[in-house]
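Listed below are the residues making up each chain.
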Amino acid sequence: MDWQALVLSLQLAGVTLLVLLPLGLWLGRWLAYTTFAGKAVIEALVVLPLVLPPTVLGYYLLVSMGGASPLGRWAAETLDLRLTFNFTGLVVASVIFNVPFIVQPVQRAFEAIPRQLTEAAAVSGLGWWPTWRRVELPLAWPGILSAMVLTFVHTMGEFGVVLMVGGSIPGETKTIAISIYDRVQAFDLAAADRMAWLLLVLSLGAVTMSFFASARLAARR
Amino acid sequence: MPTVAAASDLKFALEEVAAQFERESGHKLRLVFGSSGNFYSQILQGAPFHLYLSADEDFVFRLADAGKTVDRGRLYARGRIGILVPHGSPLRADGELKDLAAALRDGRLRKFAIANPEHAPYGQRAEEALRHAGLWQAIRPHLVLGENISQAAQFATSGSTQGGIVALSLALAPDVAKLGDFALIPEAWHRPLLQRMVLLKGAPPPVREFHDYLSTTAAQAIMVRYGFATPRD
């Protein structure tokens, strides 16, 4: 078992979620409540990482952020920031490819809130913050929870993008999914087996838990 | 941490050499294995590697020309290829590839693994050997390509192929040796696998020490045990 890779994957998933949650809540809610001319374009951009092959995303990230690109050189020279083959680069990649996993469930959750409720709250003189905390959040919570679980588990399992921009460096970019691939190539099937099981159980457990939680929350309403 | 990017034919040998180096020097190294060609692109893109052990010379010279290296590098080993046939395969491990030719004719061969000739030196040598034997055109529809030579060996022994062309250094490793039979392909059938290493700009002192350590008799003895010839042979 490659504990270092497991810890790294958990860190990556945690940081990704931390960065994405505020963004996802804001963007998802905004898309749910507003209609405007170019909305379909924004929604398409949000879904794009879901349908794009991870290698395409990885390729563009590599050539746009790598040391040979103008952006990569600028970041390295002026900010002393390198965005490929290190943890920071993985976080950037991971945030981008998880956008649909957080925004979509959040958007659906807010869309499902009857507009009369928020309007009633406004008419009753409830301010923006109390409305959000006492009306919207409790109703949208199951969707937000499943968005968080999906994002976390999806980051744990992402392979293609990580392989392209990560370079499989132990303790830096070698996540557990990459480690499984690496162990298979090293003819260490016993270790690959243990890690694959762990990911399977973890993913199934997390998704099942989020469904249970959603069902209970829905029943309470 | 000092990081070494090494061609995947070194997987087993270099782990042992590095372990011995770490015991003797007290330094810690990070080893990353993969295809020489991928490492070449990654180093051009700014990957934070300090020592690059390629499975051939071309990639090293190209990096030197691109100004990424300290010098033009040093030869550290000469690799060999051979045919690896898993237990239960209808193929025989025959280094002259005669049984492979027969199997292509009589339909015993369905899938055959080599490393990707586009970016893996061991894949290029496998292609050259197959061309030399006059089998390249016939075998192409049957080929499965590993991303690097380790993956080709994995494919060759998985039971889903009837065999493959892999590095001697992998075939000699106990975890691989127990899975099948191996026969060397004559070295004259392909360009020599002259394996060159090079320090990359900014390499810290421990990596420079390791670079020199690889040329010592102690390190070379381990390499020979894993099937590498010393480069001056």
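None of the values given here were measured: they were computed from a predicted structure. (Residues numbered from 1 in each chain as written. Chains lettered and ligands numbered in written order. Predicted model: local features only at pLDDT ≥ 70, side-chain atom pairs only at ≥ 80, totals over all residues.)

*Asks:* Any chance you could break down the overall build of chain A for me, citing the residues and the numbers?
*Replies:* Looking only at helices and strands, one finds 11 helices and zero strands in chain A. What you see in chain A, going N to C, is helices and strands ordered as α-α-α-α-α-α-α-α-α-α-α. Viewed in the frame of its principal axes, chain A has a C-alpha envelope of about 65 × 45 × 25 Å. Relative to its full complement of 221 residues, chain A shows a buried share of 36%. Within chain A, contacts between residues separated by at least 24 positions form 73% of all contacts whose residues are at least 6 apart in sequence. (Helix = DSSP H or I, 4+ residues; strand = E, 2+ residues; numbered from the N terminus. Buried ≥ 20, exposed ≤ 12 C-beta atoms within 10 Å, placed from the backbone. Contact = placed C-beta atoms within 7 Å.)

*Asks:* Let's hear about the interface of chain A and chain B: which residues, and what values?
*Replies:* At the junction of the two partners, chain A supplies 17 residues and chain B supplies 17 residues. Looking at the side of chain A that touches chain B, its residues break down into eight nonpolar, eight polar and one charged. (Nonpolar A, V, L, I, M, F, W, Y, C, P; charged D, E, K, R; others polar.)

*Asks:* Give me the packing of helix 6 (residues 99–111) of chain A against helix 8 (residues 128–157) of chain A: which residues, what numbers.
*Replies:* All names here are of chain A. Helix 8 packs onto helix 6 with a crossing angle of 170° between their chain directions and a minimal axis gap of 8 Å. By the criterion of interaxial angle, the relationship of helix 6 to helix 8 is roughly antiparallel. Of helix 8, the residues touching helix 6 (which contributes F101, I102, P105, V106, R108, A109 and F110) are A140, P142, G143, I144, S146, A147, L150, T151 and H154. Class assignment for the residues of the contact of helix 6 with helix 8 results in 11 nonpolar, four polar and one charged. (Axes fitted to C-alpha atoms, helices over the stretch in contact; angles between N-to-C directions. Parallel < 35°, antiparallel > 145°, perpendicular 65-115°, else oblique.)

*Asks:* Describe the environment of K28 of chain B, naming the residues involved and giving the relevant values.
*Replies:* Residues and elements named next belong to chain B. Turning to its location among the elements, K28 is positioned in the loop between helix 1 (11–25) and strand 2 (30–34). Taking the C-beta count within 10 Å as the criterion, K28 has 10 such neighbours and is therefore assigned exposed. Considering only alpha carbons, one finds K28 and M1, 27 residues apart in sequence, at a separation of 7.6 Å. Beyond its immediate chain neighbours, meaning those up to four positions away, K28 contacts M1 and E22.

*Asks:* Run through the nonpolar core, naming residues and quoting values.
*Replies:* In this structure, Y52 and V166 of chain B are the most contacted members of the largest nonpolar core, which totals 79 residues. If one sorts the elements of this core by residue count, helix 1 of chain B sits on top with six residues. In contact with V166 of chain B, other than residues within four places in its own chain, are I81, G82, L84, I149, A152, A153, A156 and A171 of chain B. Listed in part, the 39 residues of the second largest apolar core include A5, M65, V149 and I178 of chain A. (Core = buried A, V, L, I, M, F, W, Y, C linked by C-beta atoms within 7 Å.)

*Asks:* Run through the packing of helix 2 (residues 36–44) of chain B against helix 3 (residues 58–65) of chain B, naming residues and quoting values.
*Replies:* All names here are of chain B. As a packed pair, helix 2 and helix 3 sit with axes 10 Å apart at the nearest point and diverge in direction by 10°. Here helix 2 is positioned roughly parallel relative to helix 3, judged by the angle of their axes. Contacts from S36, G37, Y40 and I43 in helix 2 reach F59, R62 and L63 in helix 3. In terms of residue class, the contact of helix 2 with helix 3 is made up of four nonpolar, two polar and one charged.

*Asks:* Could you give an account of unusual backbone geometry, with specific residues and numbers?
*Replies:* Residue and element names in this part refer to chain A. If you check the backbone angles, D80 has positive phi at about 55° while not being a glycine. The residue D80 is located in the loop between helix 4 (70–78) and helix 5 (87–97) in this model. Unusually for a residue other than glycine, F187 sits at a positive phi of about 60°. Counting through the fold element by element, F187 comes out in the loop between helix 10 (176–185) and helix 11 (189–220).

*Asks:* Account for the sheet that holds strand 10 (residues 193–199) of chain B, with residues named and values stated.
*Replies:* All names here are of chain B. With mixed pairing, the five strands of this open sheet are ordered in space as 2-1-3-10-4. Each edge of the open sheet carries a strand with a single partner, namely strand 2 and strand 4 (74–79). Along the sheet, successive strands turn relative to each other by an average axial angle of 20°, direction set aside. Of the pairings in the sheet, the one linking strand 1 (residues 3–7) to strand 3 (residues 51–53) comprises three bridges and is parallel in character. Across the sheet, A6 pairs through a bridge with L53, a residue of strand 3. (Pairing = 2+ DSSP bridges.)

*Asks:* Can you lay out the environment of L199 of chain A for me, pointing to particular residues and giving the numbers?
*Replies:* Its place among the elements puts L199 of chain A in helix 11. When the 18 C-beta atoms within 10 Å are taken as the criterion, L199 of chain A is described as partly exposed.

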